[in-house]
Amino acid sequence: MMKRKLVVVGNGMAGIRAVEELLKLAPELYDITVFGAEPHGNYNRILLSPVLAGEMTLADIVLNDLGWYQDNGITLHVGKKVTKIDRVKRKVIADDGKGNLTEAAYDRLLLATGSTPFILPVAGNDLPGVIAYRDIADTEAMIAAAANHKHAVVIGAGLLGLEAANGLRLRGMDVTVVHVMDWIMERQLDQAGADMLQASLESKGLKFLLGKHTEMLKASPEGRVGAVRFKDGSEIPADLVVMAAGIRPNTALAESAGLHCHRGIVVSDTLQTFDPKIYAVGECAAHRGIAYGLVAPLFEQAKVCANHLAQHGIGRYQGSVTSTKLKVTGVDVFSAGNFSGGDGTEDIVLHDKSGGVYKRLVIEKDKLIGAVLYGDTADGGWYFQLLKEGRDIGAVRDRLMFGDAFANNHVGDAGHAGGSKAAAMADEAEVCGCNGVCKGTIVKAIREHGLFSLEDVRKHTKASSSCGSCTGLVEQILASTIGGAYQAADRSTKPMCGCTDFNHGEVRQAIRSMKLLSMDAAFKALDWRTPDGCASCRPALNYYLISTWPHEAQDDPQSRFINERAHANIQKDGTYSAVPRMWGGLTTPDELRRIADVAEKYQVPTLKVTGGQRIDLLGIKKEDLPGVWKDLGMPSGHAYGKSIRTVKTCVGAEHCRFGTQRSMSMGVELEKMLFGMWSPHKVKLAVSGCPRNCAEAGIKDVGVIGVDSGWELYVAGNGGIKTEVAEFFCKVATREEVLEYSAAFLQLYREEAWYLERTVHWVQRVGLDSIKQRVVDDAEQRKALHQRLLYALQGIVDPWLERTEGVEAHEFQPVRVPADAAHA
Amino acid sequence: MSDWIEILKLDHIPRQGARVVELGPAGEATRVAIFRTATDQVYAVKDHCPHRGGPLSQGIVHGGQVTCPMHNWKIDLASGAAVLPDKGCARTYDSKVEDGQIFLRLA
Ligand code: SRM
Ligand SMILES: Cc1cc2nc3c(=O)[nH]c(=O)nc-3n(C[C@H](O)[C@H](O)[C@H](O)COP(=O)(O)OP(=O)(O)OC[C@H]3O[C@@H](n4cnc5c(N)ncnc54)[C@H](O)[C@@H]3O)c2cc1C
Ligand code: SF4
Ligand code: FES
């Protein structure tokens, strides 16, 4: 079959990102030809500012060098500008500026022509020394001017203008920023924030002239620009004038080809222009009336566009919520969403002038819709996340201003502590304790490989890929290294893994609505990209199948992590540990004797009382496990599973002089009801007999506390990576109600949460109120949920017992090749 | 001289699973993981992850790779090489399947 032809006009960030995404999906589908007007490969335009500031070099910011195009079989024409699209013959014509024309035919055309800087229509705007700030050539011109000249004037005090001014100042020029508005960065900041920013930039030596209208640029005796003259008659010297007064989508080519343009090349949710063979992405495209000027949206566009080019036809681009961050070292400004407010919105403002901190949060109907942060931007990522996901912030509203750590009560959280902690960290400082990755390694990877997302950093450095407690810190490092281009992770729209474009929610939904019952059916129905998934999606899919269709879907042991496959915890030396269940933490002399006997018989090196009120036998050889289980004669404690773990209890009214309720037997009843329950993540309960709460019910997924008149239920606590205090759920009178409410809460969690989401994270995502409505307020739903859980658990067999009877025997038996046959 | 030795039947390994073969005297045996992929490809790799020696046989098998259960390195079964960005290589052995019987070559 002849390959199809794809031509890309614009060798910039959006065009090439779309090509990269396409190569991931369908590497063989197209012969790809790229035209770029600039004489370079694709580079990271946003890092021109650090280059200008002398913090990076041009070599540092290359995203795709010429070798990359070669390796991927892409024909690249640099320094050639496409001047004509012939839509009838389906070809483009490019000009190298010396009269040489190049033609290329296309089946599909991708326009990614970016923007052109807006040049003020004033006399003298074509003098030497008057430039825009857009590309490498501009940056080089500024660096050269700084070496030979003194006075720089930057027209426009937006992000770009301020970054240009800062860079020129650092290169020794005397810089004045001229702005027509009354305050700087008016599109990102309100006046209070802007005033603080201006003061801090002034302290770095920048000068500002606000409310000034430029009338003309005057030439110097040498014929170069020499001064700027304003409408009020005043004048300032200028050897270099940088126009940073805005950008316009570059639509000239599209318009000449008769494509519909309005504030950009008009595209649909599939990034197609009015000619369906022609796509457009990036700053040149107008989607639902908006042409974005930042990279995060164009990455999202590139992904959707590539999916359609690859003929997968999945995904719609629905617009982006954007956030911006000024890339001036030592100055922290962050803004996102709508911060100018309006009817029906409320502001929460913190304004500490001498402390140099200003924050404004804009709220509409219990949702965060905008944020401006100055001075302390550590929580920018968190606010942005809340904003993008449209989460209900009602419950944390009174603490919202004080940030993630405070609002969510994190204790001992290495990840979120402190303001610009990431920026201030030394390169050698360890960020990821699990994988031993230090800050310098992360920054280097971000720069060398042009990384933009947490996912990318995980892939390249392993940082934050294990326990995840350093995630916040890694996100901060990303943000401080690449500024606003950083794409905040967003689990609600993020694909499950590299094997699919669907996210967890969509996959759960599809398994339910299409009644998928096996792994293979799911791969097929959802068009999985890999033949049999990976170690990250398979366990998730398996859980979704069996929890959605109990007794119908097939459980797939090969898709479970080894612990769940072997029903014991693997140890670092390849041996296993076994934790037999002790219901509610209660045991008997007979059980203890058997444990002692087993430990001796199988030479178990370590016996330990766990934090879950039972006993761990550590260091058992895998082949001994079935024998150990048989001799123990106790059921599995599931200490290895994404499943019910333990129900801790205190002695309670059975013995304790303060006890108001019988907590031990309540705990045992709960544990027996839940035995064998698989869940998105592990589930732990505790029952205390009185509010002294000796069983620590306040940090459990479900905590039950006896009071004189009944029981209080708490949910979504977590004692692990980030300690989270459980939230009050409801109060009930009877033991039956404790069982019913707990079961209903957990069943809802089982049906709705994403794999590896603990109850606390699920509750944060969907909101406690919505859960209370369904479990506490709605008796009918509660009973139905309770019944569904009981149905799922019907006929559950102890996995250890099964295995002592020979189930999955191959799992435990090694094959021995006698010494004489093998001399390996 | 042919060094092929009979190990076990293909059926005795689940698809997307592995069995461990212990070669040599107990106590100092070499452990080799025999993998069977979803498409019945068979590979023999030393049961020792190039990262920190994790037992690869206990990992999840997907495509032609196994993910180590210890710290999630991915190892290509055919070559024993760690998948980028990780670096390292596990020793591999020649194996073949004839009439449903798996053979291993030790030399
Ligand atoms: C054995 C035990 C430590 C002990 O000696 O006391 C233990 C051992 C392990 N814990 Fe734990 N945890 C143990 C109680 C806890 C507790 C305390 C509790 O349950 O009351 C916590 C905090 C409470 C909580 O979960 O909210 C705890 C929070 C964790 C976490 C963090 C979970 C989180 O969501 O934040 C992990 C990591 C994970 O699951 O991803 C973890 C993971 C582990 C693993 C399974 C690591 C692993 O994946 O291999 C450890 C297995 C050790 C081994 O090789 O056998 N363990 N772990 C405890 C077993 C209790 C039991 O009887 O089942
Ligand atoms: C100094 C600077 C700092 C920035 N900082 C940030 C930041 O911190 N955060 C952020 O999110 N964004 C930032 N941006 C914006 C960001 O760089 C752009 O949003 C992004 O580069 C747009 O990508 P694009 O592919 O649409 O356009 P571009 O990257 O501009 O690529 C378009 C390419 O097409 C070429 N081209 C145009 N017409 C033709 C033609 N007819 N034929 C052939 N080639 C053609 C152009 O020469 C250009 O190379 C910054 C921009 C600048 C200039
Ligand atoms: S038992 Fe828990 S806290 Fe201790 S090392 Fe293992 S995972 Fe960490
Ligand atoms: S030992 Fe295999 S990944 Fe660490």
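For the structure, check the block above.
Since we're looking at a predicted model, the values are computed, not measured. (Residues numbered from 1 in each chain as written. Chains lettered and ligands numbered in written order. Predicted model: local features only at pLDDT ≥ 70, side-chain atom pairs only at ≥ 80, totals over all residues. Heavy atoms only, no water.)

## Considerations on the overall build of chain B
Then, in step 1: Counting its regular elements, chain B contains 0 helices and 9 strands.
Then, in step 2: Each helix and strand of chain B, placed in order from N terminus to C terminus, yields the pattern β-β-β-β-β-β-β-β-β.
Then, in step 3: For chain B, the proportion of contacts with a sequence separation of at least 24, taken over those separated by at least 6, is 37%.
Then, in step 4: On chain B, roughly 4900 Å² of surface is accessible, and the fraction owed to carbon and sulfur atoms is 44%. (Helix = DSSP H or I, 4+ residues; strand = E, 2+ residues; numbered from the N terminus. Contact = heavy atoms within 4.5 Å. Areas by Shrake-Rupley, 256 points an atom, 1.4 Å probe, with all protein chains shown as cover.)

## Brief notes about the packing of aromatic side chains
Residue and element names in this part refer to chain A.
Then, in step 1: Taken as a whole and assessed by the stated rule, the structure comprises 12 aromatic pairs over all chains.
Then, in step 2: Plain terms: the ring middles of Trp68 and Tyr69 are 5.0 Å apart, the flat faces sit at 85° to each other, and that makes the pair edge-to-face.
Then, in step 3: In this structure Trp68 comes out as buried when scored by relative accessible area, which is 18%.
Then, in step 4: The class for Tyr69 is buried, based on a relative accessible area of 1%.
Then, in step 5: Look at Tyr714 and Phe728: their rings are 5.5 Å apart centre to centre, the planes differ by 70°, and that puts the pair in the edge-to-face class. In this pair, Tyr714 is assigned in strand β37 (residues 710-715) and Phe728 in strand β38 (residues 727-732), connecting sequence segments 14 residues apart. (Phe/Tyr/Trp six-rings, centres within 6.5 Å; stacked < 30°, edge-to-face > 60°. Buried < 20%, exposed > 50% of the residue type's maximum accessible area, 1.4 Å probe, protein only.)

## Description of the interface of chain B and chain A
Then, in step 1: Across the boundary between the two partners, chain B contributes 33 residues, which contact 34 residues of chain A.
Then, in step 2: The contact between chain B and chain A buries some 2600 Å² in all, and 56% of this surface belongs to carbon and sulfur atoms.
Then, in step 3: Three residues, Glu22, Gln58 and Ile60 of chain B, lead the burial of chain B against chain A; their summed loss comes to 24% of the area buried on that side.
Then, in step 4: Scanning the region where chain B abuts chain A turns up 1 salt bridge.
Then, in step 5: A salt bridge links Glu22 of chain B to Arg816 of chain A; its shortest N-O distance comes to 2.8 Å.
Then, in step 6: At the junction of chain B and chain A, the tally comes to 15 residue pairs in polar contact (both at pLDDT 80 or more).
Then, in step 7: Those elements that place two or more of their residues in the side of chain B that touches chain A are β1 (4-9), β2 (17-23) and β5 (60-62) of chain B.
Then, in step 8: Here the element with the most residues in the side of chain B that touches chain A is β2 of chain B; it accounts for 6 residues. (Buried area = accessible area lost by both parts, 1.4 Å probe. Salt bridge = Lys/Arg side-chain N within 4 Å of Asp/Glu carboxyl O. Polar contact = N/O pair within 3.5 Å; in protein donor to acceptor, adjacent residues only side chain to side chain.)

## Quick word on helix α22 (residues 735-752) of chain A
Then, in step 1: In this model α22 of chain A runs 26 Å from its N-terminal to its C-terminal C-alpha over 18 residues, within 8% of the 26 Å that 1.5 Å per residue would give.
Then, in step 2: When you tally the buried positions in α22 of chain A, you get 14 out of 18 residues, the bulk of the element. (Expected span 1.5 Å × (residues − 1).)

## Overview of the sheet that holds strand β27 (residues 367-374) of chain A
Residues and elements named next belong to chain A.
Then, in step 1: Reading across from one edge, β23-β24-β27-β26-β25 is the order of the 5 strands in this open sheet, with antiparallel pairing throughout. Edge positions in the sheet fall to β23 (323-325) and β25 (346-352), since each has one partner strand and no second. Going across the sheet, the axis of each strand differs from the next one's by a mean of 10°, ignoring polarity.
Then, in step 2: Pairing of β25 with strand β26 (residues 357-364) involves 7 bridges; the strand directions are antiparallel. Within the sheet, the bridge partner assigned to His351 lies in β26 and is Tyr358. (Pairing = 2+ DSSP bridges. Axes fitted to C-alpha atoms, helices over the stretch in contact; angles between N-to-C directions.)

## Description of the pattern of salt bridges
Residues and elements named next belong to chain A.
Then, in step 1: Within the structure shown, the criterion is met by 46 salt bridges over all chains.
Then, in step 2: Arg735 is the partner of Glu669 in a salt bridge, and the nearest nitrogen-oxygen pair spans 3.0 Å. In this pair, Glu669 is assigned in helix α21 (residues 663-674) and Arg735 in helix α22, connecting sequence segments 66 residues apart.
Then, in step 3: Taking the relative accessible area as the measure of exposure, Arg735 reaches 24% and is therefore partly exposed.

## Some remarks on the pairing of strand β18 (residues 240-243) of chain A
Residue and element names in this part refer to chain A.
Then, in step 1: Side-chain alternation along β18 places Leu240 and Val242 on one buried face and Val241 and Met243 on a second face that is also buried.
Then, in step 2: Summarising the sheet, strand β11 (residues 130-132) and β18 pair through 3 bridges and their orientation is parallel. Note that in β18 the partner of Ile131 across the bridge is Val242.

## Re the environment of Asp86 of chain B
Then, in step 1: You can see Asp86 of chain B is positioned in the loop between β7 (74-76) and β8 (92-98).
Then, in step 2: Once the C-alpha coordinates of Asp86 of chain B and Pro50 of chain B are considered, the two residues, 36 residues apart in sequence, prove to be 9.5 Å apart.
Then, in step 3: Look past the residues within four positions of Asp86 of chain B in its chain and what remains in contact with it is Lys462 of chain A together with Trp73 of chain B.

## Examining the pairing of strand β16 (residues 225-230) of chain A
Residues and elements named next belong to chain A.
Then, in step 1: Pairing geometry for strand β15 (residues 214-219) and β16, over 5 bridges, is antiparallel. Within β16, the residue paired with Leu217 across the bridge is Val228.
Then, in step 2: Between the end of β15 and the start of β16, which pair antiparallel, lie 5 residues, with Gly223 showing a positive phi angle near 90°.
Then, in step 3: Sheet topology note: the β16/strand β17 (residues 235-237) ladder contains 3 bridges and is antiparallel. The partner of Ala227 across the bridge, within β17, is Pro237.

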